[in-house]
Amino acid sequence: MAASSKDTSAPRTTAQIEADIAGTRDRLAATLDELAMRVHPATVAAQTKAKLRATVEQKAGKAYVAASGAVEQVKSKFVDEDGRPRPERIVPAALVGVGVVLLIASAKRRRKG
């Protein structure tokens, strides 16, 4: 078996031991304060709120990009490359829209009468 090595440093004084204990106590108090702050309901609520807000903003950003793309796709169907309207596509779409509005109005009149 190997022989255990003895500590060759000078023995510590009572003042040094007390200073070490005080330092350890201060570090422990700081750690406990930090833990208490992390689990405090207000801190947890603020963190949850921040995460939720970030998630909503991210989803809203994605939705905006998707909607912008969809609008551009629809716009490209009714406008040529130079930005001029395409009557051959606009007129039929407008007629369909007017027809739908008239059908809805007619259905409402029948329900009332």
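All values reported here derive from a predicted model rather than from experimental measurement. (Residues numbered from 1 in each chain as written. Predicted model: local features only at pLDDT ≥ 70, side-chain atom pairs only at ≥ 80, totals over all residues. Heavy atoms only, no water.)

Novice: Teacher, can you tell me more about the overall build of the protein here?
Specialist: Along the backbone of the protein there are three helices and zero strands. What you see for the protein is a C-alpha radius of gyration of 37 Å, clearly larger than the 13 Å of a compact globule of 113 residues, by over 25%. Based on the C-alpha atoms only, the size of the protein along its principal axes is roughly 100 × 45 × 35 Å. Considering the protein as a whole, with its 113 residues, one finds that 2% of them fall into the buried category. Surface summary for the protein: the accessible area is close to 10,400 Å², and the carbon and sulfur share equals 64%. The positive charge centre, built from 20 side chains, and the negative charge centre, built from 12, are 16 Å apart in the protein. (Helix = DSSP H or I, 4+ residues; strand = E, 2+ residues; numbered from the N terminus. Rg over C-alpha atoms; globule rule 2.2 N^0.38 Å. Buried < 20%, exposed > 50% of the residue type's maximum accessible area, 1.4 Å probe, protein only. Areas by Shrake-Rupley, 256 points an atom, 1.4 Å probe, with all protein chains shown as cover. Lys, Arg positive; Asp, Glu negative; His and termini not counted. Charge placed at Lys NZ, Arg CZ, Asp CG, Glu CD.)

Novice: Which parts of the structure should I look at to understand the packing of helix 1 (residues 14-39) against helix 2 (residues 41-78)?
Specialist: When two helices pack together, you describe them by how their axes are tilted relative to each other and by the distance separating the axes. Where helix 1 contacts helix 2, the two axes come as close as 4 Å, and the packing angle between them is 55°. One way to sum up the angle between helix 1 and helix 2 is to call them oblique. Along its contact with helix 1, which presents Met 37, Arg 38 and Val 39, the element helix 2 presents Pro 41, Thr 43 and Val 44. By residue class, the composition of the contact of helix 1 with helix 2 is four nonpolar, one polar and one charged. (Axes fitted to C-alpha atoms, helices over the stretch in contact; angles between N-to-C directions. Parallel < 35°, antiparallel > 145°, perpendicular 65-115°, else oblique. Contact = heavy atoms within 4.5 Å. Nonpolar A, V, L, I, M, F, W, Y, C, P; charged D, E, K, R; others polar.)

Novice: I would appreciate a short explanation of the pattern of salt bridges in the present structure.
Specialist: Between side chains of opposite charge, a pair can form as their charged atoms come close. Applying the stated rule across the entire model yields five salt bridges. In this structure, Arg 12 engages Asp 20 in a salt bridge whose closest nitrogen and oxygen atoms are separated by 2.2 Å. In this structure, Arg 84 engages Asp 80 in a salt bridge whose closest nitrogen and oxygen atoms are separated by 3.3 Å. Connected through shared salt-bridge partners, Asp 80, Asp 82 and Arg 84 make up one network. (Salt bridge = Lys/Arg side-chain N within 4 Å of Asp/Glu carboxyl O.)

Novice: In this structure, what is going on with the side chain of Asp 80? I would like to understand it.
Specialist: Structurally, Asp 80 can be placed in the loop between helix 2 and helix 3 (87-112). One polar contact links the side chain of Asp 80 to the main-chain amide nitrogen of Asp 82, over a distance of 3.1 Å. (Polar contact = N/O pair within 3.5 Å; in protein donor to acceptor, adjacent residues only side chain to side chain.)

Novice: So what exactly am I meant to see when it comes to the environment of Gln 16 here?
Specialist: You can see Gln 16 is positioned in helix 1. Judged by relative accessible area, which is 41%, Gln 16 ranks as partly exposed. At 2.8 Å, the side chain of Gln 16 and the backbone nitrogen of Thr 13 are in polar contact.

Novice: Please explain the confidence of the model for the protein as it appears in this structure.
Specialist: For any part of a model where pLDDT is low, the fine detail of the predicted coordinates should not be relied upon. Of all residues in the protein, 92% have pLDDT values of 70 or greater, and the mean over the chain is 90. Looking across the protein, the model is least confident in helix 3, with a mean pLDDT of 92, and most confident in helix 1, with 96. (pLDDT = per-residue confidence, 0-100.)

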